Amino acid sequence: MPRYDRKEHLKEIHSKRRALTTEKVEQAIKKLMKSNNAINFNSVAIEAGVSKATLYNNKDIREQISTLRSTTPLAYNKKQAKSDLNDNNKDAVIDSLRRRIKKLEEENKELRNNLKVAYSDYYKNV
């Protein structure tokens, strides 16, 4: 009966886990590239289902993500859209809001006048 070597067994398990993790990360990177999403440590970790520490600790994966992060364009999201507003866009938004406020104030004034007329008619009839 062969002897059970715990150290060898643990090494074998560890190498299988490392291979599985590497495969999951590779698949996640391919999927992110195909869907044209940003490739960074956070997005790869979420997509692959591994921790960011795993990605940082594995030298090959870390270098690959670092190079892909610098070469791929950033995914455009709402936060970036807000920060991309330049002065012209901000001025246009401000002007639009001012016109809206003015319109609402005029409508409010008209409704108040209609309310005064309605109250005066009510008090005349009472």
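Please refer to the structure placed before this passage.
Parameters and conventions
- Residues numbered from 1 in each chain as written.
- Predicted model: local features only at pLDDT ≥ 70, side-chain atom pairs only at ≥ 80, totals over all residues.
- Heavy atoms only, no water.
- Helix = DSSP H or I, 4+ residues; strand = E, 2+ residues; numbered from the N terminus.
- Expected span 1.5 Å × (residues − 1).
- Contact = heavy atoms within 4.5 Å.
- Polar contact = N/O pair within 3.5 Å; in protein donor to acceptor, adjacent residues only side chain to side chain.
- Axes fitted to C-alpha atoms, helices over the stretch in contact; angles between N-to-C directions.
- Parallel < 35°, antiparallel > 145°, perpendicular 65-115°, else oblique.
- Left-handed = near helix turned anticlockwise from the far one by under 90°.
- Nonpolar A, V, L, I, M, F, W, Y, C, P; charged D, E, K, R; others polar.

(A) Quick peek at helix α4 (residues 59-71). Here α4 spans 19 Å end to end across 13 residues, near enough to the 18 Å set by a 1.5 Å rise per residue. Tucked into the core, α4 has its buried residues touching α1 (6-34), α2 (41-48) and α3 (52-57). N-capping of α4 is provided by Asn-58, with a side-chain oxygen placed 3.3 Å from the backbone N of Asp-60.

(B) Structural view of the packing of α1 against α2. One can describe the packing of α1 onto α2 by two numbers: an axis separation of 8 Å at closest approach and a directional angle of 115 degrees. Classed by the angle they form, the pair α1 and α2 counts as roughly perpendicular. As for how α1 packs across α2, the hand of that crossing is right-handed. Contact residues: Lys-24, Val-25, Ala-28, Ile-29, Lys-31 and Leu-32 in α1; Ser-43, Val-44, Glu-47 and Ala-48 in α2. For the contact of α1 with α2, a count of residues per class yields six nonpolar, one polar and three charged.

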